[in-house]
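# Structural characterization, general
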Amino acid sequence: MNRIIRTLWIGAGLILGGLAHAQTASWSQPQQPFRIYGNSWYVGTQGLSAILITSPQGHVLIDGTLPGNVAQIEANIRALGFRLRDVKLILNSHAHFDHAGAIAGLAHDSGATVAASAAGAKELRSGGNDPDDPQYGMATPYPVVASVEVVADGAAARVGSIAVTAHYTPGHTPGGTSWTWRSCEKERCLALAYVDSLTALSRDDFRYTDDPARVAGFRRSFATVAALPCDILITPHPEASGFMQKIAARDREHSPAALIDTNACRAYAAAAEPRFEARLAKERQDARGQ
């Protein structure tokens, strides 16, 4: 097992061990905001990502982290020298409380439009109380986002010169979405990919194998992620992709080389797919034993 895939397996193991269900200290622990590359910035906490993409015409924010982190995210944006009211669009990876919980507050304070996938918009409008979510009944609710626009699969959400493309990657939730865009430093432009969770987490009585269409959609998500334009991989839980370690190496070496890995999205998908197939196999085995 190569180093990249081993890191991704370890990150996923941490999430499977409880990060998906219970708030951990790192999720609200302050993180000094920093530039990722070009006009892309990290404004989240130590354990939950929030990404700011900036332009003279306005900014895009991807994810909001926890409901209680609104002030912290806003302070991080201001600390970088940007005005909150210039955030014009807020996007979401998936509509669980640890990634969408602060979106209602951030949208209220900035005046930004909120947009998501079709299923993601439904989840956001319900405040995470979506019967189609595999974690329905156990997922923590959060403030409802009353107004959510829909970004079609493969379409670009735009603010000024920023174009962020939606790639529907359902599975972890019905509305899971990965986002890609380009950021430039001088003459060098790179593809950044914010890739949603590919873990099959659910309440105890939920069975993916009861819904062949859901299984097929999850399997397509692995192929979608593997094919993304992806020089720099970022994930909603940064430890799932070793993101903070890569940033630390980038800073030590004073070079973006440590952050750039054109195989990262393929490795991320390759690490996740066998876990899903193992989940399906266990469900079938359990059904035969009943």
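Use the structure listed above.
The structure contained in this document is the topic of the report that follows.

What counts and what doesn't
- Residues numbered from 1 in each chain as written.
- Predicted model: local features only at pLDDT ≥ 70, side-chain atom pairs only at ≥ 80, totals over all residues.
- Heavy atoms only, no water.
- Helix = DSSP H or I, 4+ residues; strand = E, 2+ residues; numbered from the N terminus.
- Rg over C-alpha atoms; globule rule 2.2 N^0.38 Å.
- Buried < 20%, exposed > 50% of the residue type's maximum accessible area, 1.4 Å probe, protein only.
- Contact = heavy atoms within 4.5 Å.
- Areas by Shrake-Rupley, 256 points an atom, 1.4 Å probe, with all protein chains shown as cover.
- Lys, Arg positive; Asp, Glu negative; His and termini not counted.
- Charge placed at Lys NZ, Arg CZ, Asp CG, Glu CD.
- Polar contact = N/O pair within 3.5 Å; in protein donor to acceptor, adjacent residues only side chain to side chain.
- Pairing = 2+ DSSP bridges.
- Right-handed = clockwise from strand over helix to strand, strands pointing away.
- Axes fitted to C-alpha atoms, helices over the stretch in contact; angles between N-to-C directions.

Before going further, it helps to spend a moment on the overall build of the protein chain. Scanning the protein chain from N- to C-terminus turns up 8 helices and 12 strands. The globule rule puts the C-alpha radius of gyration for 290 residues at 19 Å, and the 18 Å found for the protein chain is close to it. Counting only C-alpha atoms and orienting by the principal axes, one finds that the protein chain spans roughly 60 × 45 × 35 Å. Split into buried and exposed, the 290 residues of the protein chain put 55% on the buried side. For the protein chain, the share of sequence-separated contacts (at least 6 apart) that also reach a separation of at least 24 residues comes to 68%. Carbon together with sulfur atoms contributes 52% to the accessible area of the protein chain, which is approximately 12000 Å² in total. One way to put it: in the protein chain the 27 positive side-chain charges average out to a point 5 Å from where the 27 negative ones average out.

Here we come to the side chain of T235. Its place among the elements puts T235 in the loop between β12 (232-234) and α7 (243-253). A polar contact of 2.8 Å, which involves the side chain of T235, links it to the backbone oxygen of H237. Side chain to side chain, T235 and S241 meet in a polar contact 2.7 Å long. Once you skip the residues sitting within four places of it in the chain, T235 turns out to touch S49, Y194, V195, A240, S241 and Y268.

Side chains of strand β4 (residues 59-62) alternate between two faces, with H59 and L61 and V60 and I62 buried alike. Here 3 bridges tie strand β3 (residues 51-53) to β4, and the two strands are oriented antiparallel to one another. Bridge pairing in β4 places L52 opposite L61. Counted along the chain from β3 to the antiparallel partner β4, the turn is 5 residues long, and its residue G58 has a positive phi close to 145 degrees. Pairing of β4 with strand β5 (residues 87-91) involves 4 bridges; the strand directions are parallel. Within β5, the residue paired with V60 across the bridge is L89. Taken together, β4, helix α2 (residues 70-79) and β5 form a β-α-β motif whose crossover is right-handed.

This paragraph deals with unusual backbone geometry. Look at D63: it is not a glycine, yet its phi comes out positive at around 70 degrees. We note that K186 has phi near 55 degrees; this positive angle belongs to a residue other than glycine.

The strand order β8-β9-β10-β11-β12 describes an open sheet built from 5 strands, whose pairing is mixed. Bordering the open sheet on either side are β8 (156-159) and β12, each of which pairs with just one other strand. Put simply, the sheet's adjacent strands are angled 25 degrees from each other on average, direction ignored. Here 4 bridges tie strand β9 (residues 162-168) to strand β10 (residues 177-185), and the two strands are oriented antiparallel to one another. Bridge pairing in β10 places H167 opposite S178.

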